[in-house]
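Remarks on the overall topology
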Amino acid sequence: MIQDDIRQLTAYGIKTGLVLKEDEIYTINRLLEIFELDELSEPTEDMPEEPDLEMILQRMLDYAYEKGILAENSVVYRDIFDTKIMSVLMPRPSEVIRTFRALYQESPRKATDYYYKLSCDSDYIRRYRIKKDRKWIVPTEYGDLDITINLSKPEKDPKAIAAAKSAKQAGYPKCLLCKENEGYAGRVNHPARQNHRIVPVTIQGDEWGFQYSPYVYYNEHCIVFNGKHVPMKIEHNTFCKLFDFVKQFPHYFVGSNADLPIVGGSILSHDHFQGGNYEFAMAKAPVERSFEVKGFEDIRAGVVKWPMSVIRLSGVDTDRIIALADVILNKWRGYTDEAAFIFAKTDGEPHNTITPIARKRGDHYELDLVLRNNITTEEHPLGVYHPHAKLHHIKKENIGLIEVMGLAVLPSRLKGEMEQLKAAILAGKDLRSDEVLEKHADWTDEFSVRYDKIDEGNIDEIVEKEIGLVFLQVLEDAGVYKRTPEGQEAFNRFIRSL
């Protein structure tokens, strides 16, 4: 069977274009080496027309474990080994770069289409896992929010967790975004990246890297990262870099997480952006009131109808948009409004920052500036402008760039919990007597009274809708200016200060 799978994997490589026909024998021999085989026997079955990559790799991994080639059979070790297998099919980085640049001369879209397909075919993006993610849309007054329960990041088993804890803390690569990840074999506490290729791009004269996220939370979810391991910083150059990328890839939006804890992303130690070929609800949301800033009458400015506090700038000249963005950022960094509970600093610690997102729309460029503040209090120790405690049963994690734009990335635990919750509701069970479901009891009581009946015919729809409405509350909590007359008047005070 392993001999047949070696043939099938090679055929998959040829079919997807990862392997050229001229490299067929070479590829087979590399795979024989990985499986400690000396020869290729005659095929025992006909070759399927459509090789199933997931099944081929599963069988190969089972064989490797049975033969003692794979030391442990858990997902961490299997992922490291199947990445090594897939590396045999991969072109060298220089070949990928050469092809990308040749296609870019035809059009940026052709180049990214090629590169995205390569990232999927190589199993760097594990499509069969991404398909397991639960996704749905919830209509709200602000537009359709995207909700996803992330199931594509595998859960580590206890043995792998223990091994990672006792493993030597290596400093190479320095983080998951460093360019040294390209081709790296991986270890129990760092993913294998032998099937990963990076496209170099020049941003404001500096070397940056362009790649896709292996977890693709939305279409063509890409990451653009500094070639040097330097920390995140929102400043004048950030706006310049965002527009530099958009001009090179006008079919993609790109944005940056904020540069402070709580309101920033998960990796603040390495300067990077996220982008892609997707239009989020926030991008579709209209400007609900416009304003002018003296000296910038050529730039359209307005407040976006969105649960968070967003200023949208639009114009044909990116230098002028950036100049106005500088004014807003600098003013916001030092802005305090005690009546609205906005403090620029407490005990010398800065709180105000911005989450910026750039895109091209027709002949105009747009820059959305989301005002953020990371102050904490005794009542809200995780952040005043962060999901409040009553919502933590659904979402407790930081609200980063992706959530800000209207896509909820919810923890995998919710899949099982929601199935248990629906069964308990239908059976009329006491949720407070269940240690897993107890945290959802108040929420369930709250939404149940809004429906005449909840039964097997509508419970799935109801629970999905209510999860979406919790996410809407999460965004409202994260908004520094609330969607109340008082909150919007406070927002207007800041705008007048410009």
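Description of the structure in this document. (Residues numbered from 1 in each chain as written. Predicted model: local features only at pLDDT ≥ 70, side-chain atom pairs only at ≥ 80, totals over all residues. Heavy atoms only, no water.)

1. A word on the sheet that holds strand β1 (residues 134-140)
An order of β1-β2-β15 is seen for the three strands of this open sheet, with the pairing classed as mixed. With partners counted over all chains shown, the strands left at the sheet margins are β1 and β15 (407-410), one partner each. On average, each strand axis in the sheet is inclined to that of its neighbour by 20°, with strand direction left out of account. Here seven bridges tie β1 to strand β2 (residues 143-149), and the two strands are oriented antiparallel to one another. (Pairing = 2+ DSSP bridges. Helix = DSSP H or I, 4+ residues; strand = E, 2+ residues; numbered from the N terminus. Axes fitted to C-alpha atoms, helices over the stretch in contact; angles between N-to-C directions.)

2. Quick notes on empty space enclosed by the protein
According to the stated counting rule, one finds one cavity of 30 Å³ or more in the structure shown. Taken as a whole, the largest cavity encloses approximately 50 Å³ of empty space. Taken together, R134, W136, I149, M418, E419, K422, V463, E464 and I467 make up the lining of the largest cavity. Of all the secondary structure elements, the ones that give two or more residues to the lining of the largest cavity are β1, α13 (413-427) and α15 (459-478). When grouped by side-chain class, the residues that make up the lining of the largest cavity number five nonpolar, no polar and four charged. (1 Å grid on protein atoms, 1.4 Å probe; cavity = no way out; pocket = protein on both sides within 12 Å on 5 of 7 lines; lining within 4 Å. Points joined across faces, edges and corners; volume = space filled by probe spheres on them. Nonpolar A, V, L, I, M, F, W, Y, C, P; charged D, E, K, R; others polar.)

3. Regarding the layout of surface pockets
The calculated volume of the second largest pocket comes to roughly 630 Å³. Forming the walls of the second largest pocket are 24 residues, and the residues nearest its centre are L18, M90, P91, R92 and E95. Broken down by secondary-structure element, the contributors of at least two residues to the lining of the second largest pocket are α2 (24-34), α5 (93-106) and α6 (108-121).

4. With respect to helix α14 (residues 441-448)
One turn of an α-helix holds 3.6 residues; hence residues three or four places apart share an orientation. Within α14 the residues assigned to the buried category are A441, W443, T444 and F447. One face of α14 carries all of its buried residues, which in axial projection span an arc of 160°. Elements in contact with the buried residues of α14: α13 and α15. (Buried < 20%, exposed > 50% of the residue type's maximum accessible area, 1.4 Å probe, protein only. Arc of directions from axis to C-beta. Contact = heavy atoms within 4.5 Å.)

5. As for the sheet that holds strand β14 (residues 364-373)
With antiparallel pairing, ten strands are arranged side by side in an open sheet as β3-β4-β5-β7-β6-β13-β14-β10-β9-β8. With partners counted over all chains shown, the strands left at the sheet margins are β3 (199-203) and β8 (287-291), one partner each. In this sheet, adjacent strand axes meet at a mean angle of 25° when their direction is disregarded. In terms of strand pairing, strand β4 (residues 206-212) meets strand β5 (residues 222-226) through five bridges, oriented antiparallel. Residue W208 lies in a different strand from β5, and its bridge partner there is N226. On top of the sheet, helix α11 (residues 318-333) reaches β10 (310-315), β13 (352-361) and β14; it is set at about 10° to β14, its chief contact. In the packing of helix α16 (residues 485-497) onto the sheet, the strands contacted are β8, β9 (300-304), β10 and β14, and the crossing angle to β8 comes to about 35°.

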